[in-house]
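A look at the structure
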Amino acid sequence: MPELPEVESLRRALEPTLIARRVERVRVRTRAVVVMPTDPAAGFLRARTPSKPKPLQSRLLLRGCTLSRLVRHGKQLAIATAEGPAACIHLGMTGGVRIGTGKHPHTHVEWLLDDGTRLCFHDARRFGLVAGHESFDQLRQVRWARLGPDALSVRTDQL
């Protein structure tokens, strides 16, 4: 299971390659691991609802946007853009994000960047998710507000 240090290492490794790149295309292979603002909070994969998912809003999955920063809170990774939308990636138990051209059998979401780089979210057991948000502030209010303080930002006196 990816823990906080692995997610922070991933953030630091991806940052030089992704910052200032524009997302040309987003390909969602598995809709169940993608969460839109109108979907249940944990997505349709884990929701006990008979309703059907609404169509994806590719802009909320960063299509056409320039990546401005990567932010980690706990074990979740956010990709913020200059235009506003932000995506939150939760790796779950077996999830990962990688840059490359090789095929991975459990790739669920792919982002094609303006320089030809492919960013892929893969998760064999599908416990992870990719959540699209209108803005980074909305992501923090909706998804991160119910989380505690980030472990690397807590001071001793706060404990």
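Structure's up top.
Along each chain, residue indices are assigned from 1 in the same order as the chain's sequence is written. Totals for whole chains, interfaces and linings use all residues, but because this is a predicted model, local features are given only for residues with pLDDT of at least 70 and pairs of side-chain atoms are given and counted only at 80 or more. Only hydrogens and water are removed before side-chain values are computed, so all heavy atoms of the structure are retained for them.

1. Brief notes about helix α2 (residues 136–144)
All buried positions along α2 are accounted for by Phe136, Leu139, Arg143 and Trp144. The arc that holds the buried residues of α2, viewed along the axis, is 70°, so those residues lie on one side. The elements touched by buried residues of α2 are β2 (34–35), β3 (67–73), β4 (76–81), β5 (86–90) and β9 (129–133). Only protein chains enter the accessibility calculation, which uses a 1.4 Å probe; a residue is then buried when its area is under 20% of its type maximum, exposed when over 50%, and partly exposed in between. Per the convention used, a helix needs a DSSP run of H or I reaching at least four residues, while a strand needs a run of E reaching at least two, with both numbered from the N terminus. What the arc measures is the spread of directions leading from the helix axis to the C-beta atoms. Whether two residues are in contact is decided by their heavy atoms, any of which lying within 4.5 Å being enough.

2. Quick word on unusual backbone geometry
For Ala20, which is not glycine, the phi dihedral falls at a positive 75°. Its location among the elements puts Ala20 in the loop between α1 (4–18) and β1 (23–28). Unlike most non-glycine residues, Arg126 shows phi in positive territory, near 60°. Mapped onto the elements, Arg126 comes out in the loop between β8 (118–123) and β9.

3. Re the sheet that holds β5
Paired strands, in this sense, are two strands between which DSSP finds at least two bridges. Reading across the sheet, the five strands line up as β2-β9-β5-β4-β3 and stay open at both edges, with mixed pairing between neighbours. The open sheet is flanked by β2 and β3, the only strands paired with a single partner. With two bridges joining them, β2 and β9 adopt parallel strand pairing. Each bridged residue has a counterpart across the sheet, and for Val34 the counterpart in β9 is Val130.

4. So, the packing of aromatic side chains
Only centres within 6.5 Å qualify two rings of Phe, Tyr or Trp (six-membered ring in Trp) as a pair; their planes then separate them into stacked at under 30 degrees, edge-to-face at over 60, and tilted for everything else. This structure, assessed with the given rule, holds one aromatic pair. Arranged with centres 5.8 Å apart and planes meeting at 85°, the rings of Phe136 and Trp144 form a pair that is edge-to-face. Taken as a pair, Phe136 and Trp144 share a single burial class, namely buried. Geometrically, a lysine NZ or arginine CZ counts as sitting over a ring once it is within 6 Å of the ring centre and also within 35 degrees of the ring normal. Its end group placed over the ring of Phe136, Arg69 keeps NZ or CZ at 4.4 Å from the ring centre.

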